[in-house]
Amino acid sequence: MRSPMRILLLAVFAGCASVPPPAAPPPDPPPASVVFISFDGVAWDELESVRARGVLGADGWQRIRREGLASRLIPVNPTLTSVTHVSMATGASPHVTGIVSNVIHPPGTPPGTTTSGFTAPIEADTIWEAARRAGRRVGTITYPGLDGTDPSRTADFGLIYTQPVHRSRIETIDRSRFVPEPRIEALSYSPAQVAALSWSWTRSDDEISMPVELVAIDTTDDGEVNYDDFVVRHGGELVEVGPDRWFPLSVGMPEEGSEHRFGAWSKILSFEPDLESVVVYWGAVCRTRGYPESFRAMIDRDVGFWPGPPDDWGAGRWLEAREGLDPETYLEQVDRFSSFFTRATLLAMERMEFDLLLSYQPIVDETEHQWHLVNDRQTWSTEANRVTARRVRDGAYRIFDGALARTIEAIGPGETLVVVSDHGMAALDTAVRINGVLVDWGFARAAANGGIDPNSRWAAFTSGGAAHFHRFGPRVEGERERLIRSLTELRSPDGVPLFERVEPAGPASNPRAGEIEAYLRPRFGFTSGTRGERFVPTRYFGQHGYLNHHPEMHAIFGVWGQAAAGQSPAATSQTALAGWISSILGFEPPRDAE
C-alpha cells in the first residue's frame, strides 16, 4: 500500500514541476480471424514439467489442454528462431525458404560476409503473401520475417522487433552527490536530499545528455535520519518511482519523419539509509518501430515505448559475483517485456481490422539462454545458482502462461487462437572456436583482426548448434571429404565427439547452406574468431539449433476457439501449419507449402 506521505509528496511535486494438424475441412462459416502467437523457446517437455509441478495457473496453458487442443510440435532443422518461424509461415523446409540459419553467408561473397536470417530474402511464398492475394488483411506484432523492409516482408500493419539504441549501465552515487532539497523539506521527516544526475546515451553519432534529479526522502517519523523513498524529476516533470524502485525516463525525438518516444526503464537497485551508497541501473535506451505511422504512434501512446529485453549482461554479473542485476530484477524486466507484447497484441485485436494476426514473444528464450543452469559442467554452477536459475525459469514460464491467459480471454466468438513455439532449449557448457580449428587443420587462414583471411579455402558460419561450411575458390578433389572426416572425428577436451551429424550438400540443398552442414551434440556451442583457446567454457547456459529428434528441442502447439474442435494429434510438424491456417481461413495456402 502506498503511504499517505508518498501521496502528499506526489501531489506537491505535480504542482511544482513544470501432424499434422487436423485435416478437417474449413469450418462453416470460417472464423472471423486467426491470432497466431509464437512464444520463442517454450519447450513441450519443460512446459509439461512446470505444469506438473504446479507452476502454471488455471487459465492459460491448462485451459488450452482442458478445453482446446494441445500437442507437441516438431521443429525443422536447424532448430533456430529465424529458420523455424519462416518455415511455419511458408510451410516449406529451410532448403526451400533459403533461411537456413540465424547467420547466413550469401554465396559468391568474400569469406567474412554474413547476413541475418531475420532479414535475408525469403525464397518461398509466405502465408501473408497468400493472404494478400486472397484480399485478406494481415497484421504483425514483431513476427520474424515481417520487418517492413519490402512489400514481400510487409503486413497491413505491424511492429518491428527492435534492438536497444544504447546499452544499459550501472552507476553508484555516494553521499557527497546529495545536497538539501528545500522545496519539500516539510514533507520529509529528515531534510530531503537531491542528487543531480545525467541520463546520457548515444544515438547514432549524437551524444545525448539530459538532467535527472534523484530526490531522497524519509517517510518514517521515528526521530532518525534514514531515507527510505525516492522521487525523480526529469524533463520538467515528476517521474514516479514505484514500490519496486523502477522508474521510466523518456523523451520525444524526431525519427523517420515523425516524433518517436525514446525511453529507458531504470531502477534504484540498492541504497543505504544514510545515502552513503545509492546504486542506479540506467536501463537500455529503446524506441518503438512499426508501420504505418498511425499504428506505431498508437502503440507509443497507449502501450508505451518499447522496453527492451531483459539484461543478460547484468544477470551474468550476478551469477558470477553477485553484482549487476539480481534475479528478481531480471524477472521484472521479463514481465515488463512480455506485458508490452501482450498489450500491443490485445490493442491490435481490439482496434485493428485483420483476418490473420501474427504475434511473437521471446521472453522464455531470453531467460533460458542465460539461466538454463542445470549441471556441474557449467560455469558458475553452484547449488545456490542452480536453485536460483530454476526459480527464474519457472518465473518466465509463469509469465508466459499469464500472457496466454490474457489473450485467451480476449478471443471472441468465431475467432481462433493458435499458440506455438519455435524450439526448446538444451543445457550448454562448452563452446568450440571452429574457425580456429579450421586454421589449425590448414583449411583456413587467420586474418590479422582475428577473423578469417579472404584467401581462406573454407570458413564456418555458425548459429546455436548448427554450422554451415562454405568453400572458396576452385574445388580440390577429396578436400571436402577430408574436412567432413576431420569434423566427424573432432572431440571435446573430455573425449566426447563434438558433432552429431556432418553431411555434404546434396542436389536439394540451398546454396546458402554451403558445401557441408553440421550439427553439434547438445551441451556444445560455437564461439567466434580464430584467436584464443579452441574450447572454452560458456558464460551462458541454454542453446538450441540442434537436431530436432532431441525431445528437449520440441516445441508446443495449441489451439483455442472455433478451430479447436476434435482430438489433439500426437505430434505436429511446423511445415504443416501454414497450409492448415490457410484452410481454416478459406484461402489457398502458400505456393511452397507441404
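In case you missed it, the structure is sitting above this.
My aim in this report is to walk through the structure given alongside it, one point at a time.

Cut-offs used in this document
- Residues numbered from 1 in each chain as written.
- Predicted model: local features only at pLDDT ≥ 70, side-chain atom pairs only at ≥ 80, totals over all residues.
- Heavy atoms only, no water.
- Buried < 20%, exposed > 50% of the residue type's maximum accessible area, 1.4 Å probe, protein only.
- Helix = DSSP H or I, 4+ residues; strand = E, 2+ residues; numbered from the N terminus.
- Pairing = 2+ DSSP bridges.
- Salt bridge = Lys/Arg side-chain N within 4 Å of Asp/Glu carboxyl O.
- Contact = heavy atoms within 4.5 Å.
- Core = buried A, V, L, I, M, F, W, Y, C linked by side-chain atoms within 4.5 Å.

**A closer look at the pairing of strand S18 (residues 356–361)**
Along S18, 6 of the 6 residues are buried, which leaves the element largely enclosed by surrounding structure. Relative to S18, strand S1 (residues 34–39) is paired through 6 bridges, and the arrangement is parallel. Opposite Ile 37, over in S18, you have Ser 359 as the bridge partner. Pairing between strand S5 (residues 138–141) and S18: 4 bridges, direction parallel. Paired with Val 138 across the bridge in S18 is Leu 356.

**Describing the pattern of salt bridges**
One pass over the full model with this rule turns up 40 salt bridges. The closest approach of N and O atoms between Glu 323 and Arg 317, which form a salt bridge, is 3.5 Å. Here Asp 394 and Arg 390 are joined by a salt bridge, their closest N and O atoms 2.9 Å apart. Of this pair, Asp 394 and Arg 390 both sit in helix H11 (residues 383–410), 4 residues apart, roughly one helical turn. Look at Asp 394 and you get buried, because its relative accessible area is 9%. On the accessibility criterion, Arg 390 (22% relative accessible area) is partly exposed. The network of salt bridges with shared partners includes Arg 471, Arg 475, Arg 480, Glu 481 and Glu 515.

**Quick word on helix H10 (residues 363–371)**
Spacing of three or four residues puts side chains on the same side of an α-helix, whose turn is 3.6 residues. With respect to burial, H10 is a largely interior element, 9 of its 9 residues being buried. Of the residues making up H10, those classed as buried are Ile 363, Val 364, Asp 365, Glu 366, Thr 367, Glu 368, His 369, Gln 370 and Trp 371. Residues of H10 that are buried make contact with helix H2 (44–52), helix H8 (312–321), helix H9 (327–351), S18, H11 and strand S28 (542–543).

**As for the nonpolar core**
Counting residues in each nonpolar core, the largest one holds 59 residues, and the members touching the most others are Leu 47, Trp 61, Phe 400, Leu 404 and Leu 417. Top contributing element to this core by residue count: H9, with 11 residues. With sequence-adjacent residues up to four places away left out, Phe 400 is seen in contact with Phe 39, Val 42, Leu 47, Ile 363, Val 364 and Ile 556. Residues Leu 80, Ile 122, Trp 128 and Ile 160 belong to the second largest nonpolar core, which totals 44 residues.

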